[in-house]
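# Report on the structure
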Amino acid sequence: MLTRAANDDDRRRTTEFERLNFMVPITTFHYLVVAAALFVLGVIGVLTRRNVVIVLMSIELILNAVNLNLVAFSRMWGNLHGQTFAVFIVVDAAAEAAVGLGILIAFFRNKETINVDEIDLLKW
Amino acid sequence: MNSVVNTGAAPVATPFFFYFLAGAAIVSGLLVITRRNAVHSALSLIVTLLSVAGLYLMLYAPFVAGVQIIVYAGGIMVLFLFVIMLVNIERSAKDRQFNRIWPVGLAAACALLSLFVSAFVKGRNLFPDRLVALQESSNTQQIAAMLYGEAGRMGPYTFAFEIASLLLLVAILGAVIMTKKKI
Amino acid sequence: MLNAFMSYLGSTVPPGNADNQLWALIYVLIIFAGVSLAVVAMNWIERKALAHFQIRLGPMRVGPHGLLQPIADALKLMLKEDIIPAQADAVVFWVAPLIGLLAAFTVYTVIPFGPSQAVSDMNIGILFMLGVSSLGVLGIITAGWASNSHYPLIGALRSSAQMVSYEVAMGLAIVSALLMTSLNRTGTGTLSMIGIVEAQQQQGVWFIFKFFPLGLIAFVIFAIAMIAETNRAPFDLPEAESELTAGFHTEYSGLRWSLFMLGEYAAMIAVSSIAVTLWLGGWMRPFPNLLTGSAWDFIFSLFPGLTFAGLAAIAFIGTARMPAQAYFRIQRIGLAVFAALLGLIALLLLAIAVAGRTNDASIAGRFREGIDYVYWFVLKVAVFMYLFIWYRATWPRYRFDQLMRVGWKVMLPISLGVLILTAIVGVLIS
Amino acid sequence: MKDSMDELSNGAVSHLDLETPEKPYLDANELIINMGPQHPATHGVLRVILKLDGEKVLGTECVIGYLHRGVEKIAENRTYTMFNPYVDRMDYVAAVSNGLGYCEAVEKLLNVEAPPRAQYIRVVLTELNRIASHQLWLGTHALDIGAMTPLFYTFRDREEILKIFERYCGARLTTHAFRIGGCQYETYAGFEKDVKNFLAFFPPKIDEYEALLTSNRIWLERTKNVGVISGKDCIALGVTGPVLRASGVKWDLRKAQPYAAYSKFDFEIPVGENGDTYDRYMVRMIEMRQSLRIIEQAVNGIPEGPIMGKVPKVIKPPVGEIYHSIEAPKGELGYFIVSDGSTQPYRVRVRPPSFVNLQALDIMVRGMLVADVVAVIGTLDIVLGEVDR
């Protein structure tokens, strides 16, 4: 009796332990949480930082979070549409970085600043 | 393709690597948005990108991981570092780091965070726990089939792929025109 | 224990793919040690060969014929004061050499020294290699930036521009080789390093000779681009001694500087391995499909032993030619011991070759096979390493704008043309 | 930059505007780089301040004087004979030429002439020295451009010349070979044989250097159209020697104002067309071959006779002044000596070719790249001992 109870207790504790600990098998949900965290970090960066370069980098963070979601879903459903989309997003990120940095350099040449606060004119 | 459902057969190391990579990604992501010096931010971002590439590998997506390393870490980040060195960062490092509307921005981000949290807490059961072991050994070939088609037929994304190449071309032209002083 | 050992010897896939983590770890350690040793040896060979190109003797004092010179150098570098400039960004300065070193060494996880003699066979093998080796440039940029000094900064900018532009031509040349792997019945190619070598085996031709001269041109473009990638003469602008004193590592000293050197040489071996794998048949011995049969197998398996025997003979001749003075006595003994060691290795290899000639499944047979694969691979890589030294002794250095012009206006169009022609020829043939 | 050029004429030190705040151009700031005084490619302790836009050179400024020893001032406190060894220390690569110039200048002041045998010996040694100097130039120049190997080849062959010097006068570098009025030493036994051996030995070696460089694509790209200077600019700046000749001006003091025994020999003056680094390279390579021709004629025709002219024991030239110049390997090497009638010169002024040629650096490198600065410093063939004196 005692041993059984102890066993039950043990089992409960293990499940509790598994819930909290590393031994829980990693599921899609885990990846989604990581992606969400990265996404929020990216959003904070975009909305609060003053340096344009860092804002652009935060956008890369956001895109990466999205990519991680896509690939996680791809594994969840067992097909490759998500991964293919991720490749497209990488292409998009490359284009965005090139154009964004191009704008940045053109802007820096004219106004000698890289602060978002000072980028407030449509025409200069 | 989606026959093997991965239940208890995952290697022991998997959770460890997951938490390691996820932790590295989030911590360095935090560094990206908090560092004063843009070069430090960029280096942290590289760590994030490589960690995410590792997560892709764990998700049986080696091709995406490879693309991530070669395009992001090897290409885009070099571009970033290049630009950071060209523009004068010493002044901006001494400057105020956050823009005028940062409280609003932070509030909006917090709102987004709470949205995510509530979605995850309430909708925990909506996300099925299943993970499918994709066929890793022919991942590239399968993505090729998606992009280019197979056995004479167009794949589902062939047209989109061509459009993407057009997008890149436009981006190249745009970047060149904007950065060149006179053409 | 023995079972585990035998089970691995009998397996035909790399340990990383067989989920054999222990063996994968052992392989990683072996490769790490082997590459470090190769770099040390390369250091000695480069100094010696360069000296002989230039009618000098090279290192002669530390050990017989300077054999212990690399060890003395390593000791010196480790004991040297490690200076971090006051104005430098200490953290980045500290991390930069490690980035380059890690990038150079990570590449080795997918290099196949034989059909099962690799850490792992990744589905994206060559893509992974390209990606990781392109991370090396980050180390150089950060080193140049963190030094907070003009020469390193210029060196870093030069080198990043150079590496990024030559990567394009390099990638296109690689793609044209990858196209050739798809010329089989199913029409699917492969990015896997082992798969590429196996494709060459199936098609019965090294890709350098495939669609002559298309394969050759692609190979030559890669061979040029890889020199630029590794910042070696005549493309050694980032560290051009006469212009930028030492380029991006001007401010580095001691151990950290030696890490840069280690990374550079490791990267040289890595890119040579890519070239060997893609165009020169990887681990395959010459004429594997033409000169078949166990007799030929046996003859070719004698080569490793004979090579070491030749080296031992050279060392013995060197011993005999040393002046018979008391001053040289220790050196004579040292060289004789070295020669004897080489001779013993030769005997061992020959013994394995003879013992394993009948039964491929026996331990000796397995060993013989493995040694054969590694031997031919290393031999081919060694030819490239010699070429690196030869180039350095012969050619002046390019100027930055000329380098860019060659990269974008010559190499890129040619590699594109070769790629398109390869595709057309491939379609027409199949 | 223009008004700062005016400052230069007003005696201001700098014609580079180092004070104005760095203005960003496109996206790069202007870089001010100190090349030297400790730098592998400035041939000693030359310091070049470079103003760069990225890799492009906007302007240069040479800072010299790190090797200044006051040779000209020393001369005022030494007798004419005592000063003779000092001139060897200026262009230490071509010490024999320096000595020849000084001895001939004092001889002119004294109005004596060295006997023909001495003059022939002087020609042989001076031309050997010219070859040695050009060899050193070639080795270091190629090394600057990135070719390591020619340096060792040229040093190997230069050794043969230095051996002849050593046998003749006991020193290899700072030879002090000549004396006022002729030569101190008679040729040693086997001198002619040694020189003739060298004449046979050297031409294949020049071919060897040329095989490595002359038609090398990278060498051509690095030297053609690099550091171009027109003949007019050369004359305006007073540039002489191979640099001048490579710009198409046929001016060689050995032909124009023959000294020593040069009028007796048959040789040609190589002339370039474009005035670029490659032409200067070719001019010097041909000059080496022409020097061999001169040496051959001289060594075959060394007359018998005394080697010392009639010079008083104590040299006390009459009051007056003299300017005498010779064609040193690097250009016109002139000595301006003022005598007040005492045993010590009142003033000695040296016109060193390296110092004058160095002034052309700025014109030659403006608008070129950093790598070209190195190539141009190499091609000017400066020796800092001579620049700073």
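Residues numbered from 1 in each chain as written. Chains lettered and ligands numbered in written order. Predicted model: local features only at pLDDT ≥ 70, side-chain atom pairs only at ≥ 80, totals over all residues. Heavy atoms only, no water.

### Here we look at the overall build of chain B
On a plain count of helices and strands, chain B comes out with seven helices and zero strands. For chain B, the α and β elements follow one another from N to C terminus as α-α-α-α-α-α-α. Taken across its 183 residues, chain B has 42% of its residues classed as buried. In chain B, the proportion of contacts linking residues at least 24 apart, taken out of those at least 6 apart, comes to 54%. For chain B, the exposed area adds up to about 9700 Å²; of that, 71% sits on carbon and sulfur atoms. (Helix = DSSP H or I, 4+ residues; strand = E, 2+ residues; numbered from the N terminus. Buried < 20%, exposed > 50% of the residue type's maximum accessible area, 1.4 Å probe, protein only. Contact = heavy atoms within 4.5 Å. Areas by Shrake-Rupley, 256 points an atom, 1.4 Å probe, with all protein chains shown as cover.)

### As for the overall build of chain A
On a plain count of helices and strands, chain A comes out with four helices and zero strands. Start at the N end of chain A and walk to the C end: the helices and strands fall as α-α-α-α. Here the contacts in chain A between residues at least 6 apart in sequence split such that 51% fall between residues at least 24 apart. Carbon and sulfur atoms form 64% of the exposed surface of chain A, whose accessible area is close to 5700 Å².

### Let's talk about the confidence of the model for chain B
Residues and elements named next belong to chain B. Predicted confidence across chain B gives a mean pLDDT of 80, with 83% of residues reaching 70 or more. Counting contacts from residues 1-12, a segment whose pLDDT is below 50, to residues more than four positions away or on other chains yields 13 contacts. At the level of chain-chain contacts, confidence expressed as ipTM amounts to 0.80, with global pTM at 0.84. (pLDDT = per-residue confidence, 0-100.)

### A short note on the pairing of strand β7 (residues 331-339) of chain D
Residue and element names in this part refer to chain D. Burial within β7 is extensive, with eight of its nine residues counted as buried. Pairing geometry for strand β6 (residues 320-328) and β7, over nine bridges, is antiparallel. Bridging across to β7, I322 finds its partner in I337. Adjacent in sequence and paired antiparallel, β6 and β7 are bridged by two residues. As defined by bridge partners, β7 adjoins strand β8 (residues 345-351) across six bridges and the pair is classed as antiparallel. Along β8, the bridge assignment pairs V338 with R347. If you look at the hairpin formed by β7 and β8, you'll find five residues sitting between the two strands, and G341 has a positive phi there, around 90 degrees. (Pairing = 2+ DSSP bridges.)

### Looking at the domain arrangement of chain B
Here chain B is described as being made up of domain 1 (13-94) and domain 2 (137-183). When each unit is reduced to the centre of its C-alpha atoms, the spacing between domain 1 of chain B and domain 2 of chain B is 24 Å. (Domains from an automatic or database assignment.)

### Re helix α2 (residues 21-53) of chain C
Residue and element names in this part refer to chain C. Its 33 residues place the ends of α2 46 Å apart at the C-alpha level, agreeing with the 48 Å of an ideal helix rising 1.5 Å per residue. Within the sequence span of α2, burial applies to W23, A24, Y27, I31, V35, V39, M42, E46, K48, A49, L50 and A51. Two residues or fewer after α2 comes I55, characterised by a positive phi angle close to 45 degrees. (Expected span 1.5 Å × (residues − 1).)

### Section: the pattern of salt bridges
Residues and elements named next belong to chain D. This model, assessed by the stated rule, comprises 33 salt bridges over all chains. Taking the shortest distance from any N to any O, the salt bridge between E72 and R389 comes out at 2.9 Å. Highlighted residues: E72 in helix α2 (residues 71-75) and R389 in the segment after α16 (384-388), separated in sequence by 317 residues. With a closest N to O distance of 3.6 Å, K163 and E160 form a salt bridge. In this pair, K163 and E160 both sit in helix α6 (residues 149-169), three residues apart, roughly one turn of the helix. Given a relative accessible area of 32%, K163 falls into the partly exposed group. (Salt bridge = Lys/Arg side-chain N within 4 Å of Asp/Glu carboxyl O.)

### Observations regarding the sheet that holds β7 of chain D
Residues and elements named next belong to chain D. The three strands are arranged β6-β7-β8 in an open sheet whose pairing can be described as antiparallel. Two strands lie at the open edges of the sheet, namely β6 and β8, each paired on one side alone. Between one strand axis and the next, the sheet turns by 15 degrees as a mean value, whatever way the strands run. Against the sheet, helix α4 (residues 95-110) makes contact with β6 and β7, and its axis sits at roughly 150 degrees relative to β6, the strand it touches most. (Axes fitted to C-alpha atoms, helices over the stretch in contact; angles between N-to-C directions.)

### Some words on the interface of chain B and chain A
Counting residues at the interface gives 86 residues for chain B and 76 residues for chain A. Interface of chain B and chain A: buried area, both sides summed, is about 7700 Å²; carbon and sulfur atoms make up 75% of it. The largest per-residue losses of area from chain B upon contact with chain A belong to I33, L59 and F80 of chain B, which jointly make up 9% of the total buried on that side. Linking chain B to chain A there are zero salt bridges. Put simply, chain B and chain A have eight residue pairs in polar contact (both at pLDDT 80 or more) between them. Contributing elements (two or more residues each) for the side of chain B that touches chain A: α1 (13-34), α2 (38-58), α3 (62-86), α4 (89-94), α5 (102-122), α6 (139-148) and α7 (158-179) of chain B. (Buried area = accessible area lost by both parts, 1.4 Å probe. Polar contact = N/O pair within 3.5 Å; in protein donor to acceptor, adjacent residues only side chain to side chain.)

### Let's talk about the arrangement of the chains
Inter-chain contacts occur across five pairs of chains; the most extensive set of contacts lies between chains A and B. At the level of C-alpha atoms, the two units chain A and chain C stay apart, their nearest approach being 14 Å.

### Things to note about empty space enclosed by the protein
In the structure shown here, the tally under the stated rule is four cavities of 30 Å³ or more. There is about 340 Å³ of room inside the largest cavity. As for the largest cavity, its lining consists of 25 residues, and the residues nearest its centre are G136, M163, G263, E264 and A267 of chain C. Among the secondary structure elements, those contributing two or more residues to the lining of the largest cavity are α4 (90-106), α5 (125-146) and α10 (254-279) of chain C. Residue contributions to the lining of the largest cavity peak at nine residues, all from α10 of chain C. Looking at the lining of the largest cavity residue by residue, the class counts come to 15 nonpolar, seven polar and three charged. Residue lining of the second largest cavity: V93, A95, V96, N129, A132, R158, L162, F165, R172, L173 and T175 of chain D, and that is the complete set. Among the elements of the structure, α4, α5 (116-145) and α6 of chain D are those that each provide at least two residues to the lining of the second largest cavity. The element contributing the most residues to the lining of the second largest cavity is α6 of chain D, with three residues. Split by residue class, the lining of the second largest cavity holds seven nonpolar, two polar and two charged. (1 Å grid on protein atoms, 1.4 Å probe; cavity = no way out; pocket = protein on both sides within 12 Å on 5 of 7 lines; lining within 4 Å. Points joined across faces, edges and corners; volume = space filled by probe spheres on them. Nonpolar A, V, L, I, M, F, W, Y, C, P; charged D, E, K, R; others polar.)

### Some remarks on the confidence of the model for chain A
Residues and elements named next belong to chain A. The predicted model of chain A averages 78 in pLDDT, with 79% of residues at 70 or higher. Of all the helices and strands in chain A, helix α1 (residues 2-20) carries the lowest mean pLDDT, 46, while helix α3 (residues 52-77) carries the highest, 89. Considering only residues more than four positions removed or in separate chains, one finds that residues 1-7, a stretch of pLDDT under 50, has zero contacts.

### Looking at the packing of α2 of chain B against α3 of chain B
All names here are of chain B. The N-to-C vectors of α2 and α3 enclose an angle of 175 degrees; their axes lie 9 Å apart at closest approach. In terms of axis orientation, α2 runs roughly antiparallel to α3. Along the contact surface, α2 presents A38, V39, A42, L45, I46, L49, L50, V52, A53, Y56 and L57, while α3 presents P62, V64, A65, Q68, I69, Y72, A73, M77, L81 and I84. Grouping the constituent residues of the contact of α2 with α3 by class yields 20 nonpolar, one polar and no charged. (Parallel < 35°, antiparallel > 145°, perpendicular 65-115°, else oblique.)

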